[in-house]
Amino acid sequence: MAQFINTNKEYYWGDWYFKEHVMADNFNYKAHKKELSPYYEQHGFKVSMMFADFFSQINGIHSDRYLSMDVYYFFVVPALNRYDFINAYLDKNIYTELFPNVKQPATIVKNIHGHFYRDGNEITFDEAVDIVSHADMELMIKPTVETCNGDGVEQLDDRDPSHLKALFDHYNLNFIVQEKAKQHPEIQRVNPTSLNSMRLYTYRKLDGTYAFLYPYAMLRFGGKGAIKDNTSKGGGTCLIDENGLVDDKVYRFKSLEVSSLKRETGVENLVIPYYQKVIDTLLNAHKRLPYFDYVGWDVTVAPDGEPLLIEFNLVPGIEGPQIMAGPMFGPYLDEVVDRARQVVCEKAQANKKTFGKGSAFYLHMQ
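Residues numbered from 1 in each chain as written. Predicted model: local features only at pLDDT ≥ 70, side-chain atom pairs only at ≥ 80, totals over all residues. Heavy atoms only, no water.

Further remarks concern the packing of helix α7 (residues 125-133) against helix α8 (residues 161-171). Axis separation between α7 and α8 bottoms out at 10 Å; the angle between their running directions is 125 degrees. Comparing the axis directions of α7 and α8 gives the class oblique. Handedness of the crossing formed by α7 with α8: right-handed. In this structure, α7 contributes F125, D126, A128, V129, V132 and S133 to the contact, and α8 contributes P161, L164, K165, F168 and D169. Residues of the contact of α7 with α8, tallied by class, amount to seven nonpolar, one polar and three charged. (Axes fitted to C-alpha atoms, helices over the stretch in contact; angles between N-to-C directions. Helix = DSSP H or I, 4+ residues; strand = E, 2+ residues; numbered from the N terminus. Parallel < 35°, antiparallel > 145°, perpendicular 65-115°, else oblique. Left-handed = near helix turned anticlockwise from the far one by under 90°. Contact = heavy atoms within 4.5 Å. Nonpolar A, V, L, I, M, F, W, Y, C, P; charged D, E, K, R; others polar.)

In this section: the side chain of H43. With respect to the helices and strands, H43 occurs in the loop between α2 (38-42) and α3 (50-59). Among all residues touching H43, those that are not within four sequence positions of it are I5, V337 and R341.

With 14 residues, helix α1 (residues 8-21) should cover 20 Å at 1.5 Å per step; its first-to-last C-alpha distance of 20 Å lies within 8% of that length. Listing the buried residues of α1 in full gives E10, Y11, W13, G14, D15, Y17 and F18. (Expected span 1.5 Å × (residues − 1). Buried < 20%, exposed > 50% of the residue type's maximum accessible area, 1.4 Å probe, protein only.)

Quick look at the pairing of strand β6 (residues 175-179) now. Counting buried residues along β6, four of its five residues qualify, which places the element largely inside the surrounding structure. As paired elements, strand β1 (residues 107-112) and β6 share four bridges and run antiparallel to each other. Each residue of the ladder has a partner; that of N111, found in β6, is F175. (Pairing = 2+ DSSP bridges.)

Right, let's talk about empty space enclosed by the protein for a bit. Following the criterion strictly, the structure yields one cavity of 30 Å³ or more and no others. Empty space within the largest cavity amounts to approximately 70 Å³. Together, K92, Y95, Q104, P105, K142, I176, Q178, L309 and I310 line the largest cavity. Among the residues making up the lining of the largest cavity, the classes are represented as five nonpolar, two polar and two charged. (1 Å grid on protein atoms, 1.4 Å probe; cavity = no way out; pocket = protein on both sides within 12 Å on 5 of 7 lines; lining within 4 Å. Points joined across faces, edges and corners; volume = space filled by probe spheres on them.)

With that settled, consider the sheet that holds strand β4 (residues 139-143). Across the sheet, which stays open at both edges, the six strands sit in the order β3-β2-β1-β6-β4-β5 with antiparallel pairing between neighbours. Here the strands that pair on one side only, and so sit at the sheet edges, are β3 (121-123) and β5 (154-155). Here α7 sits on the sheet in contact with β1, β2 (115-118), β3, β4 and β6, set at roughly 155 degrees to β1. Across the face of the sheet, α8 comes into contact with β2, β4, β5 and β6 while running at roughly 25 degrees to β4.

Moving on, we come to the packing of aromatic side chains. One pass over the full model with this rule turns up 35 aromatic pairs. With centroids separated by 5.8 Å and ring planes inclined at 75 degrees, the aromatic side chains of F116 and F175 adopt a geometry described as edge-to-face. Highlighted residues: F116 in strand β2 and F175 in strand β6, separated in sequence by 59 residues. For F116, a relative accessible area of 6% puts it in the buried group. Judged by centre distance (6.1 Å) and plane angle (85 degrees), the rings of F125 and F168 are edge-to-face. Placement of the pair is F125 in helix α7 and F168 in helix α8, with a sequence separation of 43 residues. Using a relative accessible area of 26% as the deciding quantity, one classes F125 as partly exposed. Of the residues examined, F168 reaches a relative accessible area of 1% and is grouped as buried. One aromatic cluster is present, formed by W13, W16, Y17, Y72, Y73, F74, Y201, Y203, Y294, F329 and Y332 through successive ring pairs. Of note, K46 hangs over the ring of Y11, and the distance from its end group to the ring centre comes to 4.3 Å. Geometry around Y39 places R65 over its ring, the cationic atom sitting 4.3 Å from the centre. (Phe/Tyr/Trp six-rings, centres within 6.5 Å; stacked < 30°, edge-to-face > 60°. Lys NZ or Arg CZ within 6 Å of the ring centre and 35° of its normal.)

For the rest of this paragraph, the subject is the pairing of β2. In this structure, β1 lies alongside β2, joined through three bridges in antiparallel fashion. Counted as the bridge partner of N111 is F116 from β2. Sheet topology places β2 next to β3; three bridges connect them, and they run antiparallel. Note on β3: the bridge partner recorded for F116 is I123.

Between α1 and helix α4 (residues 69-80), whose axes approach to 7 Å, the crossing angle comes to 120 degrees. With respect to each other, α1 and α4 are oriented oblique. Here α1 and α4 pass one another in a crossing that is right-handed. Residues E10, Y11, W13, G14, Y17 and F18 of α1 form the contact with α4, whose participating residues are M69, D70, Y73, F74 and F75.

Right, here's the structure in full:
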């Protein structure tokens with residue numbers, strides 16, 4: 001019997017995650033469940049062709065190189081990124097210090113571990129309430145750690161001090177109040193109510209150079225009336241080509257159906273403004289993250305044409321990219337899998353021990 005790097009425990013977790021979070025209800029997952037990918041088998045990993053079957057039914061790209069959920073989350077990501085540092089770096093309150101030269105939504109107040117800050121100076125609870133209550137702009141409040149899918153992100157309309165005090169008590173620790181981000185009118189027309197962001201990926205190769213991962217660039221937009229851009233809120237996702245042209249096909253999780261951007265929104269031939277500037281900005285920003293070779297960026301374009309950073313992800317999901325554009329990492333997959341083979345097995349085991357069953361940590365990271 002062949003010995004695989006990923007044990008049955010990881011393998012079955014990958015199946016469970018796929019069925020719960022990715023697979024469409026009408027997909028026959030048993031059809032190729034017992035077949036193994038020759039590509040991953042030769043590299044020592046046990047990967048069911050179920051994944052290739054599902055993704056290829058949607059995008060028409062047939063390959064045995066689709067990553068399974070367990071190999072990706074338990075082996076690939078820990079090979080590329082330092083897990084023991086991830087939580088600290090994911091605190092959105094430190095974005096301005098990490099990326100001082102990248103445009104971000106204006107910060108009004110921060111709460112870091114229960115302490116309030118304004119312009120780098122600690123302030124009191126009452127001072128924070130007073131500053132927010134008198135801010136003359138549209139505001140958003142959101143948690144800054146352990147968040148995903150826009151959970152906890154709300155528009156802050158009621159500025160009455162008593163309401164703000166109750167709201168701050170409710171959020172308790174680690175949140176931020178920012179000016180509501182404004183986006184370029186070309187991007188806004190996809191859905192005027194939501195902040196429509198791009199998910200873009202960058203990778204630092206073993207030779208030290210940085211690559212923009214194409215064709216996995218995506219534009220995400222919210223559902224009708226929504227302020228959030230994720231598909232769980234009724235929105236959709238479209239691919240963006242190398243010139244910034246947004247594809248008409250609209251994809252959604254847990255669905256084998258592909259819709260049309262023009263039919264849903266009336267928008268066609270949309271080109272992301274200043275697209276190359278966005279890519280260059282993110283490649284430069286990645287240089288400020290020496291512990292992480294792989295980053296998923298959520299970014300839009302401000303009305304003045306400047307790239308506007310929303311957040312970055314150090315355990316970014318690959319379900320969407322593989323649904324839309326084929327096996328993740330493209331020409332760099334051989335290098336990535338080789339890194340996983342040689343380095344990750346012990347790190348993955350250590351992380352699973354550190355985080356209990358393992359899945360509880362990964363499920364919070366999107």
